[in-house]
Amino acid sequence: MRRILIMGATSAIAEATAREFALLGDALMLVGRNAERLQAIAEDLKLRGAKQAETYVLDAREMMAYPKLLDETSLRLGGLDTALIAHGTLSDQALCETSIETMLNEFRVNGVSAMVLCAELANRFEAQGHGTIAVISSVAGDRGRQSNYVYGSAKAAVTTFTSGLRQRLYNKGVRVVTIKPGFVDTPMTASFKKGPLWASPASVGKVIARGMILGKPVIYVPWFWRGIMSIIKLVPEFVFQRLRI
Amino acid sequence: MNQPGTAWGRLPGAPQRLVALTDRFQALPDEPSLLTFGNGRSYGDVGRNDGGTLLIGRGLDRFIGFDPATGRLECEAGVLLSEIIDLVLPSGWFPPVTPGTRFVTVGGAIANDVHGKNHHRAGSFGNHILEFELLRSDGQILRCSRDQNPDWFAATVGGLGLTGLIRRATLQLKRVPGPWIRGDSQRFANLKAFFAITAASDGDYEYTVAWLDCSATGANLGRGIFIRGNHAPATEAPPSGRVLRMPITPPISLVNSLSLRAFNTLYYHRPAAQVNQALWHYRPFFYPLDGILEWNRMYGPSGFYQYQCVLPTEGAIDILSEMLGRIGRSGLGSFLLVLKTFGAVPSLGMLSFPRPGATLALDFPNRGAETLALLNTLDDLTRAAGGAVYPAKDARMSAASFQSYFPAWRGFSRYVDPKFSSSFWRRVTGDVA
């Protein structure tokens, strides 16, 4: 039985992944901002087979509260060995371009807070000699594009941070998993036109849970995004700057 | 994946604004025209709101409570029957009524008061709903059951999603020994034989249904295969869940008169059509088409119509013969013509479709005016017989036809939420032609 912390547990991808762990009978700590939504998800996960489903209300920007969150999680679950960091927002790029406050806030929510939580988890898992830290980054972090480069650069920071952390912890029995979803049909993207590149949260959740259990270093989900992003990364900057993507 | 907001028949329509529902605590968006969209298994426009807003309901997919001792299940209305089966079958429970696909939401099953192969025993889906919660656009929350707000219960069961948003529901599941169905299948030569087998089977078999060869004419008219079964104790491990998918929409319909005749003739004559002792897993028994996800794409970019009517038993043979004759001669019919009898259990909804008689369902590839003309002649026969056409399958019946099939519509309309509407509702309540 895994003892799993899920940060941003009301997000569609996190909830879908939590259902996979519930089927396996794991114990879960669900963290998010909305108490009644967390409670509804916890009840659902218990019916689906979770050994335990606890809730904890916290805004991810309250980073000083992370040590207390992890203490409380270990206490209530009887330990902690797995974490999925899944919170985030879909930044309004246009607003980020005109408001310093918005840009800083988006960077804090989508980048800094995930890194701070990773750092705190890393020290604890290193000390206990085992554990898995999974973080949802994004294909948007693989290359900056005009449509969402504030969000993208926050995710790029997460990708780079987890890459280094993975090396540091490799011989300490701790796995670090960087997850890069492509287009996922979540409430955040309900009004977008969907094509063949879109995946459902349920299918994405399955891939993420399996990747976490196997301790894979980097997961593109769906898998074909690895190929798409390889090509996008290869485009020379003097060409890329002219593209409208 | 299918574009959210697309109906199963894939007929074209005007753009709709899509708003995702994420949880059962959310307020309704402030939009002038709303309709809830479940999992897109209604064929025509009961699930469309052209030019208006669609509430994408699949986000309401949480279980709220399940008691393995009593079989009471409470869930949010966007939960699929397939998800319910996965949760409850291991402890010996099953949906009390299931339509021919398990990929329907609970909310959609209530709003269309769906039926299954056990209608002659169990009635329709609404008969097994203990309670549900309805959110009105003015913010009012109504808990509805047969005792509490019974008029709202009757309006919402079969109410085509027009009375407000169904947010959560409690249903009474059915005890089963496992995932298996034991029964048999047999060929029959004509409609008279069909009714004879039905009469002989309804007492002993929970599930009965027949497939008809819609390409047969003359002496073969009305021939088909009768399938019946009961839940049976487990014997072996369930089959693997391999699922095929129609990956693309072919540029033209794959369904034409040649492929039709070949399929129907082969299907009728294949050895498996006559089996004395059959044991089915529940999936192929109830959901033969769920094995091919998005099979609706085979009809090509123009989409297709489905026609399902119910006819009073009295005189049904003559009318069915007339219908089959016209469909057979037109060459416009389809692979699957399903025939079944409805029993006497009264439906609870004001606009519920099931009523005692024989119900016929079949697909028609969209060939434009030719197809619509044939469907109109079928409507004439249905109306003359005092029958009805199923709104969940419909995309074209006239306002006059609807109003004669569902005379309670005017009383029902008092319960329609002022902000809720659908393309279907606007179509069938327009001026009487």
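Residues numbered from 1 in each chain as written. Chains lettered and ligands numbered in written order. Predicted model: local features only at pLDDT ≥ 70, side-chain atom pairs only at ≥ 80, totals over all residues. Heavy atoms only, no water.

When you look at the overall build of chain B in this model, what are you seeing that I'm missing?
Of the regular secondary structure elements, chain B holds 12 helices and 20 strands. Radius of gyration (C-alpha) of chain B: 21 Å, near the 22 Å computed for a compact globule of 433 residues. Overall, chain B is about 60 × 55 × 45 Å in size when its C-alpha atoms are taken along their principal axes. Per-residue burial over chain B gives 61% buried out of 433 residues. When contacts within chain B are restricted to residue pairs at least 6 apart in sequence, long-range pairs at least 24 apart make up 75% of them. In the form shown here, chain B has an accessible surface area of approximately 16100 Å², with 56% of it arising from carbon and sulfur atoms. In chain B, 42 side chains carry a positive charge and 35 a negative one; their mean positions are 4 Å apart. (Helix = DSSP H or I, 4+ residues; strand = E, 2+ residues; numbered from the N terminus. Rg over C-alpha atoms; globule rule 2.2 N^0.38 Å. Buried < 20%, exposed > 50% of the residue type's maximum accessible area, 1.4 Å probe, protein only. Contact = heavy atoms within 4.5 Å. Areas by Shrake-Rupley, 256 points an atom, 1.4 Å probe, with all protein chains shown as cover. Lys, Arg positive; Asp, Glu negative; His and termini not counted. Charge placed at Lys NZ, Arg CZ, Asp CG, Glu CD.)

What should I look at first to understand the overall build of chain A in this one?
Check the secondary structure of chain A and you find 9 helices and 7 strands. Computed over the C-alpha atoms, the radius of gyration of chain A is 18 Å, within 12% of the 18 Å expected from 2.2 N^0.38 for a compact globule of 245 residues. If one aligns the C-alpha atoms of chain A with their principal axes, the spans along those axes are about 55 × 40 × 35 Å. Classification of the 245 residues of chain A by burial places 52% in the buried group. Taking contacts inside chain A between residues at least 6 apart in sequence as the whole, the part at least 24 apart equals 71%. With an accessible surface of roughly 11200 Å², chain A has 58% of that area assigned to carbon and sulfur atoms.

Is there a simple way to think about the interface of chain B and chain A in this case?
A common way to state how big an interface is: give the accessible area lost once the parts meet. Listed as interface residues are 16 residues of chain B and, on the opposing side, 20 residues of chain A. Here chain B and chain A share an interface that buries about 1700 Å² over both sides, 57% of which is from carbon and sulfur atoms. Taken together, chain B and chain A are joined by 4 salt bridges. Taking the shortest distance from any N to any O, the salt bridge between Arg24 of chain B and Glu43 of chain A comes out at 3.8 Å. Counting across the interface, chain B meets chain A through 5 residue pairs in polar contact (both at pLDDT 80 or more). (Buried area = accessible area lost by both parts, 1.4 Å probe. Salt bridge = Lys/Arg side-chain N within 4 Å of Asp/Glu carboxyl O. Polar contact = N/O pair within 3.5 Å; in protein donor to acceptor, adjacent residues only side chain to side chain.)

Help me out: how do you make sense of the nonpolar core in this one?
Within soluble globular proteins, side chains that are nonpolar generally end up buried alongside one another. Residues and elements named next belong to chain B. Ranked by size, the top nonpolar core spans 90 residues in total, and within it Leu73, Ile84, Phe125 and Phe364 carry the most contacts. In terms of residue count, helix H8 (residues 316-330) provides more of this core than any other element does, 6 residues in total. Every residue in contact with Ile84, bar those within four places of it in the chain, is listed here: Phe63, Leu73, Cys75, Val79, Leu89, Val106 and Leu173. (Core = buried A, V, L, I, M, F, W, Y, C linked by side-chain atoms within 4.5 Å.)

Could you clarify how one ought to interpret the sheet that holds strand E8 (residues 141-144) of chain B in this entry?
Backbone-to-backbone hydrogen bonds pair the strands of a sheet. The strands run either parallel or antiparallel. Residues and elements named next belong to chain B. Reading across from one edge, E4-E5-E9-E7-E8 is the order of the 5 strands in this open sheet, with antiparallel pairing throughout. Where the open sheet ends on each side, the last strands, each with one partner, are strand E4 (63-67) and E8. Averaged over all neighbouring strand pairs, the angle between strand axes comes to 10 degrees, with direction disregarded. Pairing analysis gives 4 bridges linking strand E7 (residues 129-135) to E8, with the strands arranged antiparallel. Paired with Leu134 across the two strands is Leu142, which belongs to E8. Of the strands in this sheet, E4 and strand E5 (72-76) touch helix H1 (residues 81-88), which is tilted by about 40 degrees from E4. (Pairing = 2+ DSSP bridges. Axes fitted to C-alpha atoms, helices over the stretch in contact; angles between N-to-C directions.)

Please explain the pattern of salt bridges as it appears in this structure.
Applying the stated criterion to the full structure yields 40 salt bridges over all chains. The shortest N-O distance in the salt bridge between Arg37 of chain A and Asp23 of chain B comes to 3.1 Å. Taken together, the residues span two chains, with Arg37 of chain A in helix H2 (residues 35-47) and Asp23 of chain B in the loop between strand E1 (17-20) and strand E2 (34-37). For the pair Arg37 of chain A and Asp23 of chain B, a shared accessibility class is recorded, and that class is buried. Within the structure, one salt-bridge network assembled from shared partners comprises Glu15, Arg19, Glu43, Asp44 and Arg48 of chain A together with Arg24, Asp61, Arg62 and Glu76 of chain B.

How do you make sense of the sheet that holds strand E17 (residues 304-311) of chain B when you look at a structure like this?
All names here are of chain B. Taken in spatial order, the 8 strands line up as E15-E11-E13-E12-E18-E19-E17-E20 in an open sheet, and their pairing is antiparallel. Where the open sheet ends on each side, the last strands, each with one partner, are strand E15 (275-281) and strand E20 (388-389). The sheet strands contacting helix H9 (residues 369-385) are E17, strand E19 (357-365) and E20, and the helix crosses E17 at an angle near 10 degrees.

Could you clarify how one ought to interpret the environment of Asn118 of chain B in this entry?
All names here are of chain B. Among the secondary structure elements, Asn118 is positioned in the loop between helix H2 (106-111) and helix H3 (119-122). Residue Asn118 is classed as buried on the basis of its relative accessible area of 1%. For the pair Asn118 and Asn39, spaced 79 residues apart in sequence, the C-alpha separation works out to 23 Å. Residues in contact with Asn118, not counting those within four places in the same chain, are Pro96, Val97, Gly123, Glu206, Tyr207 and Lys340.

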